[in-house]
Amino acid sequence: MDAVEFLKTVNRICKNKDCKEFPVYKNNTCCMIGFDDDSTKSIEETVSKVEQWAKDNPVKTRKSEFQKMFPNAYLGNITRLLPCSLDKTLKPLQCAKYGYLSITCRCDRCRDDYWNEEVSE
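Residues numbered from 1 in each chain as written. Predicted model: local features only at pLDDT ≥ 70, side-chain atom pairs only at ≥ 80, totals over all residues. Heavy atoms only, no water.

**As for the overall build of the protein**
Here comes step 1: Across its full length, the protein holds seven helices and two strands.
Here comes step 2: Counting from the amino terminus, the protein carries its helices and strands in the arrangement α-β-β-α-α-α-α-α-α.
Here comes step 3: Here the protein holds 121 residues, and 23% of them are scored as buried.
Here comes step 4: For the protein, restricting intrachain contacts to residue pairs at least 6 apart in sequence, the fraction spanning at least 24 positions comes to 60%.
Here comes step 5: Carbon and sulfur atoms provide 52% of the accessible area of the protein, an area that totals close to 8,700 Å². (Helix = DSSP H or I, 4+ residues; strand = E, 2+ residues; numbered from the N terminus. Buried < 20%, exposed > 50% of the residue type's maximum accessible area, 1.4 Å probe, protein only. Contact = heavy atoms within 4.5 Å. Areas by Shrake-Rupley, 256 points an atom, 1.4 Å probe, with all protein chains shown as cover.)

And the structure:
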């Protein structure tokens, strides 16, 4: 797990959990920032616990949730569905978000972002 992935996972933990459920909670604080003195063991332990939490709690995306509902669906086709054709409230906002790209690139990028976006419970 690289540093960016580590921080994204910690952010996801903090958004979805009470601090007391945080894998490295101690001394009434989420201690991943305030490591003990110069203890390498503490840093390695923190990273290990965050990695394990990430394995136990994979990111839920629209695509992964769709796949749970329709396990035999061919996912190569699902990402071809336009978000603006599924949700009419997205069209002006979603298209404007990718407005600087060509039409083909805009739609490809929009679909990819939409289906791989993290969703909550």
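**Re the environment of Glu 118**
Here comes step 1: Along the chain, Glu 118 falls in the segment after helix H7 (103-116).
Here comes step 2: On the basis of relative accessibility, which here comes to 35%, the residue Glu 118 falls in the partly exposed class.
Here comes step 3: Glu 118 sits 59 residues away from Val 59 along the chain, and the two C-alpha atoms are 6.4 Å apart.

**Quick word on the pattern of salt bridges**
Here comes step 1: Inspection of every chain in the model, using the stated rule, returns three salt bridges.
Here comes step 2: Among the ionic pairs, Glu 117 bridges to Arg 62, the shortest N-O distance being 2.5 Å. Here the residue Glu 117 occupies a position in the segment after H7, and Arg 62 occupies one in helix H3 (residues 62-69), the gap between them amounting to 55 residues.
Here comes step 3: Glu 117 gets classed as partly exposed once you look at its relative accessible area, which sits at 39%. (Salt bridge = Lys/Arg side-chain N within 4 Å of Asp/Glu carboxyl O.)

**Details of the packing of H3 against H7**
Here comes step 1: Close contact between H3 and H7 brings their axes to 5 Å; oriented N to C, the two are set at 65 degrees. Here H3 contributes Arg 62, Lys 63 and Phe 66 to the contact with H7, which in turn contributes Tyr 114, Trp 115 and Asn 116. (Axes fitted to C-alpha atoms, helices over the stretch in contact; angles between N-to-C directions.)

**Here's the deal with the side chain of Thr 9**
Here comes step 1: Within the secondary structure layout, Thr 9 lies in helix H1 (residues 3-16).
Here comes step 2: By relative accessible area, which is 3% here, Thr 9 ends up buried.
Here comes step 3: Setting aside residues no more than four positions away along its own chain, Thr 9 makes contact with Met 1, Val 50, Trp 53 and Ala 54.

**Points about H7**
Here comes step 1: Between the first and last C-alpha of H7 there are 20 Å, a value that for 14 residues agrees with the 20 Å anticipated at 1.5 Å per step.
Here comes step 2: Restricting attention to buried positions, one finds in H7 the residues Arg 106, Cys 110, Arg 111, Tyr 114 and Trp 115. Seen from one end, H7 has its buried residues packed into an arc of 140 degrees, which puts them on one side. (Expected span 1.5 Å × (residues − 1). Arc of directions from axis to C-beta.)

**Looking at the side chain of Arg 12**
Here comes step 1: Looking at where Arg 12 falls in the secondary structure, it is placed in helix H1.
Here comes step 2: For the buried Arg 12, which has no salt bridge, the nearest side chain bearing the opposite charge is Glu 118, at an N-O separation of 4.4 Å.
Here comes step 3: Setting aside residues no more than four positions away along its own chain, Arg 12 makes contact with Trp 53, Ala 54, Asn 57, Pro 58, Val 59 and Glu 118. (Lys, Arg positive; Asp, Glu negative; His and termini not counted.)

**Describing the packing of aromatic side chains**
Here comes step 1: Inspection of the entire model under this criterion finds three aromatic pairs.
Here comes step 2: Relative to Phe 70, the ring of Phe 66 has its centre 4.9 Å away and its plane inclined at 40 degrees; by these criteria the two rings are tilted.
Here comes step 3: A relative accessible area of 43% places Phe 70 in the partly exposed class.
Here comes step 4: Pairing Phe 66 with Trp 115 gives two aromatic rings, centres 6.0 Å apart and planes at 75 degrees, and the pair type is edge-to-face. A residue pair is termed long-range when its members are at least 10 positions apart, and Phe 66 in helix H3 and Trp 115 in helix H7 qualify at 49 residues. (Phe/Tyr/Trp six-rings, centres within 6.5 Å; stacked < 30°, edge-to-face > 60°.)

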